[in-house]
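An overview of the molecular structure
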Amino acid sequence: MIIDFHCHVLPPQFQGRHRELAAQDATYAALFPDQRGRTADVDALLYDMDAAGIDHAVIMGFGWTNQGIAETANNYLVSATKAHPDRISAFASVNPAWGDAAILEARRCLDAGAVGIGELHADTQGYDIGDPDVMAPIMSLLQDAGLPITIHASEPVGHLYPGKGQTTPDILLRFVSNFPDNRIVLAHLGGGLPFYAAMPEVAEGLSNVWYDTAALPYLYRPSAVAAAAVTAGADRILFGTDYPLLPHRRVLDYLKSAELPPADADATLGGNAASLLFEPRHD
């Protein structure tokens, strides 16, 4: 089974409302600085999944700052899983800075069928992800449910791009260390955090962390995936595209170029994600 662990879809009613959405939501404005940004709905995703041979996809929100926009997007994501339960799983997005409102929205979505929370964008959402007091309520909810969270990660070097942010490996390591009992997925290869797992003291604190490959062809040579599989473990890498930013086939070809051993490639393309999504957690 091939599982794309990192896809984005937007409700059809968001089409043609670029200026309005950008004015209301800081994360949307950062990710889509103009109207040419690539967006897709569920029907487009399913069509493209079939064309690329993708069996299952995780659709997730952006780190919304506007609660009304978040609720509309979350409703759309959850409805997609109900319509296509064999093809789609959903993560709902909230803003921890909302306080109690974030927990209410997260609980509402989990009760409705979401299987995780994410993607969160700490920079545009305006909170310190390394502050345990800010993150504890949402992390406690997820720990009790045995469900994962996906966090946007930023590389401390390299080129700038819309939405890159400054949630770099040092900040992410502090966040992860605050919540060792949670399942945490760091997007975009964790901003390079897996490479620091070659340091024993860092590796010890990452046993509850996975890394997805979303947007990696824009960031690294394929050898980066092979290196991360060595330092962090091939069982910790999740195939993700950041669809529709990148088509599925491009990232599949990219991972093939990484020349992972067959067992590691199979785990990355779906086995690791299936364990996170479909196997009950036993602590």
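Refer to the structure printed above.
Description of the structure in this document. In this text the structure is predicted, and so the values were computed from the model without any measurement. (Residues numbered from 1 in each chain as written. Predicted model: local features only at pLDDT ≥ 70, side-chain atom pairs only at ≥ 80, totals over all residues. Heavy atoms only, no water.)

To continue, consider the sheet that holds strand S7 (residues 209–212). Sheet architecture is open: five strands sit in the order S4-S5-S6-S7-S8, paired in parallel fashion. Each edge of the open sheet carries a strand with a single partner, namely strand S4 (117–120) and strand S8 (237–238). Of the strand pairs in this sheet, S4 and strand S5 (residues 149–151) are connected by two bridges, and their pairing is parallel. Within S5, the position partnered with Ile117 by the bridge is Ile149. Relative to the sheet, helix H7 (residues 132–145) contacts S4, S5 and strand S6 (184–186), its axis offset from that of S4 by approximately 145°. Across the sheet, helix H8 (residues 169–178) touches S5, S6 and S7, and the angle it forms with S6 is around 170°. (Pairing = 2+ DSSP bridges. Helix = DSSP H or I, 4+ residues; strand = E, 2+ residues; numbered from the N terminus. Contact = heavy atoms within 4.5 Å. Axes fitted to C-alpha atoms, helices over the stretch in contact; angles between N-to-C directions.)

Bringing the sheet that holds strand S1 (residues 3–7) into the picture now. Pairing is parallel in the open sheet, where three strands are placed in the order S1-S2-S3. Among the strands making up the open sheet, the edge pair consists of S1 and strand S3 (88–91). Averaged over all pairs of adjacent strands, the angle between their axes in this sheet comes to 20°, without regard to strand direction.

Listing the buried residues of helix H12 (residues 248–257) in full gives His248, Val251, Leu252, Tyr254 and Leu255. The arc that holds the buried residues of H12, viewed along the axis, is 160°, so those residues lie on one side. Count one or two residues on from H12 and you reach Glu259, which has phi positive near 55°. (Buried < 20%, exposed > 50% of the residue type's maximum accessible area, 1.4 Å probe, protein only. Arc of directions from axis to C-beta.)

Right, let's talk about the side chain of His56 for a bit. With respect to the helices and strands, His56 occurs in strand S2 (residues 56–60). On the basis of relative accessible area, His56 is assigned to the buried category, the value being 2%. A distance of 3.1 Å separates a polar atom in the side chain of His56 from the backbone oxygen of Asp86. A distance of 2.8 Å separates a polar atom in the side chain of His56 from a polar atom in the side chain of Ser89. Residues contacting His56, with those up to four places away along its chain left out, are Met1, Ile2, Ile3, Asp4, Met49, Pro85, Asp86, Arg87, Ile88, Ser89, Leu277 and Phe278. (Polar contact = N/O pair within 3.5 Å; in protein donor to acceptor, adjacent residues only side chain to side chain.)

A word on the pairing of S7. As a general feature of sheets, a regular strand has side chains that alternate between the two faces. Burial of S7 is two-sided: the residues Val209 and Tyr211 facing one way and the residues Trp210 and Asp212 facing the other way are all buried. As paired elements, S6 and S7 share three bridges and run parallel to each other. Bridging from a neighbouring strand, Ile184 pairs with Val209 of S7. Pairing of S7 with S8 involves two bridges; the strand directions are parallel. When the bridges of S8 are listed, Tyr211 appears paired with Ile237. One crossover worth recording links S7 to the parallel S8 by way of helix H11 (residues 223–233), and it is right-handed. (Right-handed = clockwise from strand over helix to strand, strands pointing away.)

Moving on, we come to the packing of aromatic side chains. Scanning the model with the defined rule gives seven aromatic pairs in all. With a centroid separation of 6.3 Å and 90° between ring planes, the pair formed by Phe14 and Trp64 is classed as edge-to-face. Highlighted residues: Phe14 in the loop between S1 and helix H1 (18–24) and Trp64 in the loop between S2 and helix H4 (67–83), separated in sequence by 50 residues. Judged by relative accessible area, Phe14 falls into the buried class, the value being 6%. Given the relative accessible area of 1%, Trp64 is considered buried. (Phe/Tyr/Trp six-rings, centres within 6.5 Å; stacked < 30°, edge-to-face > 60°.)

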